[in-house]
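An overview of the molecular structure
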Amino acid sequence: MRTVYVNGKFLSEGGGVVSIFDRGFTMSDSVYEVTSVVAGKMLDFDPHMARLQRSMGELGMPKGPGADALKAIHLKMIELNKLDEGLVYLQITRGVQDRNFELPAADNALTVVLFTQARPVVESAQAERGIKVISLPDLRWHRSDIKTTQLLYACLAKDAAKKRGCDDAWLVRDGLVTEGSANNAFIVTRDGLVITRDLSTELLPGITRKRIVELEASHGYRLEQRAFTIAEAKAAVEAFITSATQFVMPVVEIDGAAIGEGKPGKFSVALRKLYIEDTLSRAGIRR
Ligand SMILES: Cc1ncc(COP(=O)(O)O)c(C=O)c1O
């Protein structure tokens, strides 16, 4: 049995209960973050918390627990659950209120919950094979830069991909790829240029995306941050996605068209290795 965290208490998972009147439940009035854990240590915790504060600010939520308090809770969760490798999930909602479209008063207590999931993060059979994606219209709202729990369309997109024998979906708005269902999208052109969409309200500013952009700059890769089409992606020699739990994941097929040789490309494989080495070493992990 896992230990979960609900509003100041560490409880056995069966006892972790949130009210049916919680606005996270009735209105998706709620934000979240997912932090990967390797060798019992969190990866890139600070930027995840900075993004959480930003998400809450953009939604006009009252200030929640500070980064230090949240760090202490995360560390306690890792300790209590003896989490070696996996993730810590954090969700903060605008709290309990009789169902109402009007936002509650600023002093309404926020709901804060955490749980852990043990799972391999670094070793990935999927990364060896690469993933297949389909393209779908991006039907999400226009504030995808805020990490809210309005994830229904992402789930439907993933389900549509599975039903077509693929792994994930790239979302397209006005003919241009915004991002993956729960990840950022990259392509590599024939002449070695790496392209990922520039940040705006249409996509999540991925923590992994930022790290990859920095790594590419410091390693002399040519990178362009701009929107691209599915046609450009299909003509690319490599493609990949990034996220906190998938790191750098090669994409080998888009809408049935093989990318490059239809297997993880050299660049994506090397970048995944570089990202893992750099991230683990910055977290003080030796493997
Ligand atoms: C829509 C979306 N884009 C991008 C990402 C990748 O962000 P990060 O690298 O911070 O995990 C996520 C992660 O959940 C996401 O949900």
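Structure first, text after, so check above.
We now turn to the structure provided with this report. (Residues numbered from 1 in each chain as written. Predicted model: local features only at pLDDT ≥ 70, side-chain atom pairs only at ≥ 80, totals over all residues. Heavy atoms only, no water.)

Turning next to the site of the ligand. Of all residues adjacent to the ligand, which total 17 residues, the nearest are Arg51, Lys147, Glu179, Ile207 and Thr208. Within the contact set of the ligand, a nitrogen atom lies 3.4 Å away from a backbone nitrogen or oxygen of Asn183. One of the backbone nitrogen or oxygen atoms of Ile207 is found 2.8 Å away from an oxygen atom of the ligand. In isolation the ligand exposes 390 Å². Once the protein is present, 91% of that is buried. Those elements giving two or more residues to the shell around the ligand turn out to be helix H2 (45–58), helix H6 (207–218) and strand S13 (238–243). Among the residues making up the shell around the ligand, the classes are represented as five nonpolar, eight polar and four charged. (Near = heavy atom within 4 Å. Polar contact = N/O pair within 3.5 Å; in protein donor to acceptor, adjacent residues only side chain to side chain. Areas by Shrake-Rupley, 256 points an atom, 1.4 Å probe, with all protein chains shown as cover. Helix = DSSP H or I, 4+ residues; strand = E, 2+ residues; numbered from the N terminus. Nonpolar A, V, L, I, M, F, W, Y, C, P; charged D, E, K, R; others polar.)

Taking 1.5 Å per residue, 14 residues should reach 20 Å; helix H3 (residues 67–80) reaches 20 Å between its end C-alpha atoms and fits that length. Within H3, the full set of buried residues consists of Leu70, Ile73, His74, Met77 and Ile78. On an axial view of H3, the arc spanned by its buried residues comes to 140°, and they lie on one face. Projecting away from the buried face of H3 at angles above 90 degrees are the exposed residues Asp68 and Glu79. Backbone geometry just downstream of H3 places Lys82 in the positive-phi region, at approximately 45°. (Expected span 1.5 Å × (residues − 1). Buried < 20%, exposed > 50% of the residue type's maximum accessible area, 1.4 Å probe, protein only. Arc of directions from axis to C-beta.)

On to the pairing of strand S7 (residues 131–137). Bridge analysis of S7 against strand S14 (residues 247–254) gives three bridges, and the strand direction is parallel. Along S14, the bridge assignment pairs Val133 with Ile254. Alignment of S7 against strand S8 (residues 168–173), held across five bridges, turns out to be parallel. In the strand pairing of S8, Pro137 is matched with Val172. Since S7 and S8 lie parallel, the crossover through helix H5 (residues 152–163) that links them has a hand, and here it is right-handed. (Pairing = 2+ DSSP bridges. Right-handed = clockwise from strand over helix to strand, strands pointing away.)

If you want to describe how two helices pack, look at the angle between their axes and the distance between the axes. Here H2 crosses H3 at 125°, and the two axes come no closer than 11 Å. In terms of their interaxial angle, H2 and H3 are classed as oblique. For the pair H2 and H3, the crossing hand works out as right-handed. For the pair H2 and H3, the contacting residues are Phe45, Asp46, Met49, Leu52 and Gln53 in the first and Ala67, Leu70, Lys71 and His74 in the second. Partitioning the contact of H2 with H3 into residue classes produces five nonpolar, two polar and two charged. (Axes fitted to C-alpha atoms, helices over the stretch in contact; angles between N-to-C directions. Parallel < 35°, antiparallel > 145°, perpendicular 65-115°, else oblique. Left-handed = near helix turned anticlockwise from the far one by under 90°. Contact = heavy atoms within 4.5 Å.)

Backbone geometry places Ala39, a non-glycine residue, at a positive phi of 50°. Looking at where Ala39 falls in the secondary structure, it is placed in the loop between strand S3 (30–38) and strand S4 (41–42). Exposure remark for Ala39: the relative accessible area of 41% places this residue in the partly exposed category. Backbone geometry at Asp255 places phi at a positive 50°, although glycine is not the residue there. In this structure, Asp255 sits in the loop between S14 and strand S15 (257–258).

The next subject is the packing of H6 against helix H8 (residues 266–282). Contact pair H6 / H8: the axes reach a minimum separation of 11 Å and the direction vectors enclose 105°. Considered as vectors, H6 and H8 are oriented roughly perpendicular to each other. Contacts from Thr208, Arg211, Ile212, Leu215 and Glu216 in H6 reach Phe267, Leu271, Leu274, Tyr275, Asp278, Thr279 and Arg282 in H8. Classifying every residue of the contact of H6 with H8 by side-chain character gives six nonpolar, two polar and four charged.

A word on the side chain of Arg211. For Arg211, the location among the structural elements is in helix H6. The class of Arg211 is buried, set by a relative accessible area of 8%. Setting aside chain neighbours within four positions, we find Arg211 in contact with Asp44, Tyr275, Asp278, Thr279 and Arg282.

Among the secondary structure elements, Glu216 is positioned in helix H6. The spatial distance from the C-alpha of Glu216 to the C-alpha of Leu274 is 9.9 Å, given a sequence separation of 58 residues. Those residues in contact with Glu216, other than ones at most four positions away along the chain, are Val194, Tyr221, Leu223, Phe240, Phe267 and Leu271.

Before going further, it helps to examine a nonpolar patch on the surface. A grouping of Ile20, Phe21, Phe25 and Val96 is seen on the molecular surface, where their side chains present a nonpolar patch of about 430 Å² in accessible area. Among the secondary structure elements, Phe25 is positioned in helix H1 (residues 23–27). (Patch = residues over 30% accessible without salt bridge, like charges linked within 9 Å, V, L, I, M, F, W, Y side chains within 5 Å. Salt bridge = Lys/Arg side-chain N within 4 Å of Asp/Glu carboxyl O.)

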